[in-house]
Amino acid sequence: MSDSAVQNVTEKMEEVVLDENGKPLSKKALAKLRKEQEKERRKAETAARLAAEKAAREAADVDYATHLYGVLPVNQSTQRTGETRESISDITPDREGERIKLRARVHTSRAQGNKLCFFQLRQRFDTIQAVLTVDTVISKHMVKFATGINSESLVLIEATIVKSPEPVKSCTVQDAELRVHSVFVESTSAERLPFSLEDASRPETDFEDTDAKYVRVNLDTRLNNRVIDLRTQTNQAIFRIQSGVCQLFREFLYARGFNEIHSPKLLGAASEGGASVFEVSYFKSKAYLAQSPQFYKQMMICADFDRVFEIGPVFRAENANTHRHMTEFTGLDLEMAFNEHYHEVLDLFDELFVHMFEGLESRYARELEIINRQYPFEPFQFLKKSLRLTYPEAVAMLRADGVEIADDEDLNTEKERRLGKLVKEKYGTDFFMLDKFPLVVRPFYTMPNPEEKMYSNSYDFFMRGEEILSGAQRVHDPELLEERAREHGVEPSTIQGYIDAFKYGVPPHAGGGLGLERVVMLYLNLFNIRRTSLFPRDPTRLEP
């Protein structure tokens, strides 16, 4: 066979396409195969062309702003430049043209096309609008990066202050905004938050519209993710109020010669008696968490400190799942020696509470306004000279209103609220003092009333119809103290160190203790004490 014949046969064999069984394809199947092959070739050519065009565009579109944005490395304190960082609250339109640097959270961000990005930046409860615009310095790449920054991330911004062309009503700084020159992420937030701060900040009045489909963040969800919850403007304001109560309490007492003390919280015996005490293992013996600093306040009076106060933790093993009880709270306690009568101490308490109420009104008006926007409440009413009732007078008011109550019966929650309502209607005040409680309902260290044996030299204070302080003149005679302890089932030997303190001469004294979280809750009328505790502890919650 000639070479040309062999070549012709070879070419014909190459044109034969076999199927999976080794048999030649039919003309129809072969045509279909060749059509698919052509389709794949064109697809590959198109992909290659698009890739080449993209590479050409990227080569032509040089990112000229790479030095103005990005993610910073973790701060490990490698340098200290001393540069000034601004507070949003200090930014005003009068400072137009100033170039500043600040750290803030990205509260919200939104793109407008691919050349413009709007931020809302937040520091605590101050917010301001910032704008990033493509120009000869700011690239599209930079705007795209900024738009993708997760909400709640911390950013370091350099910007120029400008006057807002119109009020930015969604921000606390409404008449000025920032023109951004650089933006660096200092700490990135997770992309998905447990809940949005917008939902967590929604006013209660929004939920009155049954047609509106708003998301309500329930209290348990808030408390389980408390770090995020505490970032809302309302919570920032609530805990400034809480801090303010402590500051006002301290400054008033310091100005009147009080010493601040810090008493132990691990005790060898229950300070209040009864079952509401936490028992803990203490090496080879037992100890108890302090139910109050009561013993030590009094021992400081015995030690001639005369006037003392303490702000510290208090523990109560009460299995009470109510709106106002916690197993751990912050107690504000004071104790003082008096000259002739324990009403000298009531007079001081009167001045103290008026000082705190007036201070909250005058110093924290902005915080009160912020809280009121989300949780509307009636302003707290009080008298310049606080109302003071006796227990028999309170019983008479309740009976006149149809409430059944014995002369020596303690007030339960329902009766407290009823009394508070009657007092508000008659005297126009949310705050009052109730003196001369029945002796049988008070602790063993309470001084009996010598004139009316049923009663004692003790008192409670009330806010919006709920008790916030309990106090009394204390028994300072060691023999009477032992007798009273036995009457209450407390074995004197278990508190011998406390009793012994009274054997070496001690002036008459009185005092009281109030719960910080309860005071703030009732002042703001928030209805649940967990809203005024940073990380609440109750019978079902030990975390976070």
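Just so you know, these numbers come straight off a predicted model, no measurement behind them.

Draft legend 1. Broad picture of the overall build of the protein chain. Regarding its fold elements, the protein chain presents 15 helices and 17 strands. Relative to its length of 544 residues, the protein chain is extended, with a C-alpha radius of gyration of 36 Å against a globular reference of 24 Å. Each principal axis of the C-alpha distribution contributes one length, and for the protein chain these read about 140 × 65 × 55 Å. Classification of the 544 residues of the protein chain by burial places 46% in the buried group.

Draft legend 2. Quick look at the nonpolar core. Counting 59 residues, the largest nonpolar core has Phe249, Phe349, Phe353 and Phe461 as its most contacted members. Ignoring anything within four residues of it in the chain, the contact list for Phe349 reads Leu334, Met433, Tyr459, Phe461, Leu469, Gly511 and Gly512. Judged by nonpolar contacts, the second largest core, of 30 residues, contains Ile91, Ala104, Val155 and Leu178.

Draft legend 3. Inspection of a nonpolar patch on the surface at higher detail. Residues Val227, Leu534 and Phe535 make up a contiguous nonpolar surface patch of roughly 260 Å² in combined accessible area. Residue position: Val227 is located in helix α6 (residues 226–229). Among the residues examined, Val227 registers a relative accessible area of 54% and is labelled exposed.

Draft legend 4. Broad picture of the sheet that holds strand β10 (residues 285–289). On the basis of which strands lie adjacent, the open sheet formed by three strands has the order β8-β10-β9 and antiparallel pairing. Single-partner strands in this sheet number two, and they are β8 (266–267) and β9 (279–282).

Draft legend 5. Spotlight on the sheet that holds strand β11 (residues 307–315). Taken in spatial order, the eight strands make up an open sheet running β7-β11-β12-β17-β16-β15-β14-β13, and their pairing is mixed. Edge positions in the open sheet fall to β7 (259–260) and β13 (387–390), since each of these has one partner strand only. Of the strands in this sheet, β7, β11, β12 (328–337) and β17 (509–515) touch helix α7 (residues 233–254), which is tilted by about 155° from β11.

Draft legend 6. Layout of the side chain of Arg202. By secondary structure assignment, the location of Arg202 is in the loop between α4 (197–200) and α5 (219–224). Classification of Arg202 by relative accessible area gives buried; the value is 11%. The residues contacting Arg202, other than those within four sequence positions of it, are Phe207, Tyr214, Val215 and Gln374.

Draft legend 7. The arrangement of the pattern of salt bridges in detail. Summed over all chains, the structure comprises 47 salt bridges. We note a salt bridge from Asp538 to Arg530, for which the minimum N-O separation is 2.9 Å. Just as Asp538 is buried, Arg530 falls in that class too. The network of salt bridges with common partners includes Glu38, Arg41, Arg42 and Glu45.

Draft legend 8. Spatial organisation of the packing of α7 against helix α10 (residues 365–374). For the pair α7 and α10, interaxial distance at closest approach is 9 Å and the crossing angle is 135°. In this view, α7 runs oblique relative to α10, as classed from their interaxial angle. Our pair here, α7 against α10, has a crossing hand that is left-handed. Facing α7, whose interface residues are Gln233, Thr234, Ala237, Ile238, Arg240 and Ile241, α10 presents Glu367, Leu368, Ile370, Ile371, Arg373 and Gln374. In terms of residue class, the contact of α7 with α10 is built from six nonpolar, three polar and three charged.

How each quantity is defined
- Residues numbered from 1 in each chain as written.
- Predicted model: local features only at pLDDT ≥ 70, side-chain atom pairs only at ≥ 80, totals over all residues.
- Heavy atoms only, no water.
- Helix = DSSP H or I, 4+ residues; strand = E, 2+ residues; numbered from the N terminus.
- Rg over C-alpha atoms; globule rule 2.2 N^0.38 Å.
- Buried < 20%, exposed > 50% of the residue type's maximum accessible area, 1.4 Å probe, protein only.
- Core = buried A, V, L, I, M, F, W, Y, C linked by side-chain atoms within 4.5 Å.
- Contact = heavy atoms within 4.5 Å.
- Patch = residues over 30% accessible without salt bridge, like charges linked within 9 Å, V, L, I, M, F, W, Y side chains within 5 Å.
- Areas by Shrake-Rupley, 256 points an atom, 1.4 Å probe, with all protein chains shown as cover.
- Salt bridge = Lys/Arg side-chain N within 4 Å of Asp/Glu carboxyl O.
- Pairing = 2+ DSSP bridges.
- Axes fitted to C-alpha atoms, helices over the stretch in contact; angles between N-to-C directions.
- Parallel < 35°, antiparallel > 145°, perpendicular 65-115°, else oblique.
- Left-handed = near helix turned anticlockwise from the far one by under 90°.
- Nonpolar A, V, L, I, M, F, W, Y, C, P; charged D, E, K, R; others polar.

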